[in-house]
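Notes for the structure review
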Amino acid sequence: MHFRQFYLGCLAHASYLIGCDGEAAVVDPQRDVDIYLEDARQQGLKIRHVIETHLHADFVSGHRELAARTGAKVYFGAAAGARFEHTPVHEGDQVHMGDVDLRFLETPGHTPESISILVFDLAKSLQEPEAVLTGDTLFIGDVGRPDLLGARMTAAELAGLLYRSLHTKLMRLPDHVKVFPAHGPGSLCGRNISSEKSSTIGRERRFNYALKPMSEDEFVKMMTVDLPETPRYFGRDVEMNRSGPAILTQLPDVPPLEPDAAIQKMNQGGVLLDTRPSAQFGADHIAGAINIGLGGQFASWAGTLIREDSQIILVAESHDEVKEARIRLARVGMENVTGYLAGGIPAWSEAGMPLSSIEQIGVDELNSRLGEVNPPQVVDVRRPMEWQAGHISGARHIPLHELPRQAGFLQRQGPLAVICAGGYRSSIASGLLESMGFKAISNVIGGMSAWTAAQYAIVT
């Protein structure tokens, strides 16, 4: 058996290729699929099966892309209601590949159609699975959220299904069975996902907080309070996965735009998305641009903060980075990239166009300024659990995804110091505040990680 996990850090997404006897199956593929085609080629395998554990909300899947390029069959849980050619699967159905059997379990809870996949290596055992691919039902150290479906089922109803899926199916597997989920830490499909990429049923039974002995009512209550935000692009991605997204080669090319053309697009409501690192953005950028650097969770934040109908103009350091940004945006269903700034910021400057800047300060400077007569208002844009673990006394907490709606609570005239965990989200927030007309903004380099490392005071 050939078994390989692919991990896409920017989306905290794990996918899998399993093969034997000349054929292979891919489970939960990302939208751009060349990595699976290359691995299959190297192993002498042909991809015949593409299996989705559920309708993903946080990314657009590559199921149709792989089917178009390989002729593979696409499999979904029967309750998915996929609106393109596919094979609906039920409890006990299986895919056979030489000495490998893939057997399906219906494990609703994260979504109604969620399935898990038992992987049998028949050369080792005919009775006990080697591994289970759990999708978003069971993570390492966590379980899937039950609140991403919207109005069709309540979070409490789904949490009840999740409890039964976990305890009547997955937790009845032998302790040695390896667990391979669809996400790692940073994914909003869970709340407390471990940084480990795999586990075992026995380890999860022992250490996973959501699998501790408790009643179904206790579990439902625990799983339906203090849930993280649901990014607005999640619902769009579910529907794209249900109907089948466009093949990537069908998307239009991204043309270069001279400065005058870029200005015209911006005047028509286009969003200027600057993909450079925060230090470069802070030093020189086009006023009104949003800075979401390619070095972090670029696509997730773009999907969260930019309206889906917006025309996007990219600012990048090279054409390769333009292509990278384009594919990352497509991974979360953002396809309205109308062009990129030809020549980047140097070309803009050479054309005599104005540039703006945002001050970058370290935590020592921030600590010094907080002792002045007119101290800056500290704006902490981290998530609630991060804030509760420790923050600067007197800081204003506005999670980044809430900033466009809550910026009105901030002082417009006095100085602002924007902070997050490490400086990535605070740079995004600084650009957003500048575009809303705020002045005297400082981005805190190193964020709360640097603040606590310097042993400055925090409150919890």
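Computed from a prediction, not measured in an experiment: that's the story for all the values here.

Overview of the overall build of the protein chain
Across its full length, the protein chain carries 16 helices and 22 strands. On C-alpha atoms alone, the protein chain measures out to a radius of gyration of 24 Å, which is about the 23 Å that the 2.2 N^0.38 rule sets for 460 residues. Sorting the 460 residues of the protein chain into buried and exposed places 55% on the buried side. Sequence-distant contacts, at least 24 apart, represent 67% of the contacts inside the protein chain between residues at least 6 apart. About 18,800 Å² of surface is accessible on the protein chain, with carbon and sulfur atoms providing 49% of the total. Within the protein chain, one finds 42 positive and 55 negative side-chain charges whose respective centroids are separated by 2 Å.

A closer look at the pattern of salt bridges
Considering all chains together, one arrives at 25 salt bridges under this definition. Residues glutamate 365 and arginine 369 are paired through a salt bridge, measuring 2.7 Å at the closest nitrogen-oxygen approach. Pair noted here: glutamate 365 and arginine 369 are both in helix H12 (residues 363–370), with a separation of four residues, about one helical turn. With a relative accessible area of 34%, glutamate 365 lands in the partly exposed category. Salt bridges here are not isolated pairs; linked through shared partners, they connect Arg83, Glu239 and Arg242.

Here's the deal with the side chain of glutamate 52
Note that glutamate 52 resides in the loop between strand S4 (46–51) and helix H2 (63–70). Reaching out from glutamate 52, the side chain makes a polar contact with the side chain of histidine 63 at a distance of 2.9 Å. Every residue in contact with glutamate 52, bar those within four places of it in the chain, is listed here: Asp28, Pro29, Ser61, His63, Tyr75, Phe76, Gly77 and Ile115.

Here we look at H2
Restricting attention to buried positions, one finds in H2 the residues His63, Glu65 and Leu66. Taken end-on, H2 shows its buried residues confined to a sector of 165°, consistent with a single buried face. Those residues of H2 hidden inside the fold are in contact with strand S3 (23–27), helix H1 (34–43), S4, strand S5 (73–77) and helix H6 (233–243).

Quick word on the sheet that holds strand S15 (residues 290–291)
Taken in spatial order, the five strands of this open sheet run S13-S17-S16-S14-S15, and their pairing is parallel. Looking at strand neighbours, the two that pair on one side only are strand S13 (256–257) and S15, the edges of this open sheet. Sheet analysis places strand S14 (residues 271–274) next to S15, joined by two bridges and oriented parallel. Paired with leucine 273 across the two strands is isoleucine 290, which belongs to S15.

Overview of the packing of H1 against H2
The geometry of H1 relative to H2 is characterised by a closest axis approach of 10 Å and an angle of 45° between their N-to-C directions. Classified by the angle their axes make, H1 and H2 are oblique. Of the residues in H2, those in contact with Asp34, Tyr36 and Leu37 of H1 are Leu66, Arg69 and Thr70. Across the contact of H1 with H2, the residue classes break down as three nonpolar, one polar and two charged.

Topic: the sheet that holds strand S20 (residues 396–397)
Read across the open sheet, the five strands follow the order S18-S22-S21-S19-S20; overall the sheet is parallel. This sheet does not close on itself; its edge strands, each paired only once, are strand S18 (359–361) and S20. Two elements, strand S19 (residues 377–380) and strand S21 (residues 416–419), share four bridges in a ladder whose sense is parallel. Bridge pairing links valine 379 to valine 418 in S21. Packing against the sheet, helix H15 (residues 424–435) makes contact with S21 and strand S22 (441–444), and its axis sits at approximately 170° to S22.

So, the environment of alanine 440
Topologically, alanine 440 is positioned in the loop between H15 and S22. In this structure the C-alpha to C-alpha distance between alanine 440 and serine 356, which are 84 residues apart in sequence, comes to 12 Å.

Regarding the nonpolar core
Core analysis: the biggest nonpolar cluster contains 82 residues, and Leu17, Ile47, Leu314, Leu329, Leu400, Leu403 and Leu433 have the highest contact counts within it. In terms of residue count, the dominant contributor to this core is helix H9 (residues 298–305) (five residues). In contact with leucine 433, not counting residues within four places along its chain, are Leu403, Ala407, Leu410, Leu416, Val418, Phe438 and Ile441. Counting 24 residues, the second largest nonpolar core, distinct from the first, contains Val143, Leu166, Ala210 and Met223.

So, helix H3 (residues 155–168)
Because an α-helix completes one turn every 3.6 residues, residues spaced three or four positions apart along the sequence face the same direction. Taking 1.5 Å of rise per residue, 14 residues should cover 20 Å, and H3 covers 20 Å from first to last C-alpha, within 8% of that figure. When H3 is considered as a whole, its buried residues turn out to be Leu158, Ala159, Gly160, Leu162, Tyr163, Ser165 and Leu166. As for H3, its buried residues are in contact with strand S8 (100–106) and helix H5 (216–223).

A closer look at the pairing of S14
Both faces of S14 are covered, namely the face carrying Val271 and Leu273 and the face carrying Leu272 and Asp274. As judged from the four bridges shared by S14 and strand S16 (residues 312–315), these two strands associate in the parallel manner. Its bridge partner being in S16, leucine 273 is matched across the sheet by leucine 314. Following the backbone out of S14, through helix H8 (residues 278–283) and into the adjacent parallel S15, one traces a crossover that is right-handed.

Some words on the pairing of strand S10 (residues 131–135)
Judged by how many residues are buried, S10 sits mostly within the fold: five of five residues are covered. Residue alternation in S10 divides its side chains into two sets, Ala131, Leu133 and Gly135 and Val132 and Thr134, and both sets are buried. One ladder, built from three bridges, connects strand S9 (residues 115–121) with S10; its direction is antiparallel. Opposite valine 119, over in S10, you have alanine 131 as the bridge partner.

Thoughts on the packing of aromatic side chains
Overall, the coordinates contain nine aromatic pairs when judged by the stated rule. An aromatic cluster of at least three residues, connected via ring pairs, comprises Phe3, Tyr16 and Phe180. In this structure, arginine 103 packs its charged tip against the face of phenylalanine 120, placed 3.7 Å from the ring centre. Between arginine 412 and the ring centre of phenylalanine 438, over which it is positioned, the NZ or CZ distance is 4.2 Å.

Definitions and limits used
- Residues numbered from 1 in each chain as written.
- Predicted model: local features only at pLDDT ≥ 70, side-chain atom pairs only at ≥ 80, totals over all residues.
- Heavy atoms only, no water.
- Helix = DSSP H or I, 4+ residues; strand = E, 2+ residues; numbered from the N terminus.
- Rg over C-alpha atoms; globule rule 2.2 N^0.38 Å.
- Buried < 20%, exposed > 50% of the residue type's maximum accessible area, 1.4 Å probe, protein only.
- Contact = heavy atoms within 4.5 Å.
- Areas by Shrake-Rupley, 256 points an atom, 1.4 Å probe, with all protein chains shown as cover.
- Lys, Arg positive; Asp, Glu negative; His and termini not counted.
- Charge placed at Lys NZ, Arg CZ, Asp CG, Glu CD.
- Salt bridge = Lys/Arg side-chain N within 4 Å of Asp/Glu carboxyl O.
- Polar contact = N/O pair within 3.5 Å; in protein donor to acceptor, adjacent residues only side chain to side chain.
- Arc of directions from axis to C-beta.
- Pairing = 2+ DSSP bridges.
- Axes fitted to C-alpha atoms, helices over the stretch in contact; angles between N-to-C directions.
- Parallel < 35°, antiparallel > 145°, perpendicular 65-115°, else oblique.
- Nonpolar A, V, L, I, M, F, W, Y, C, P; charged D, E, K, R; others polar.
- Core = buried A, V, L, I, M, F, W, Y, C linked by side-chain atoms within 4.5 Å.
- Expected span 1.5 Å × (residues − 1).
- Right-handed = clockwise from strand over helix to strand, strands pointing away.
- Phe/Tyr/Trp six-rings, centres within 6.5 Å; stacked < 30°, edge-to-face > 60°.
- Lys NZ or Arg CZ within 6 Å of the ring centre and 35° of its normal.

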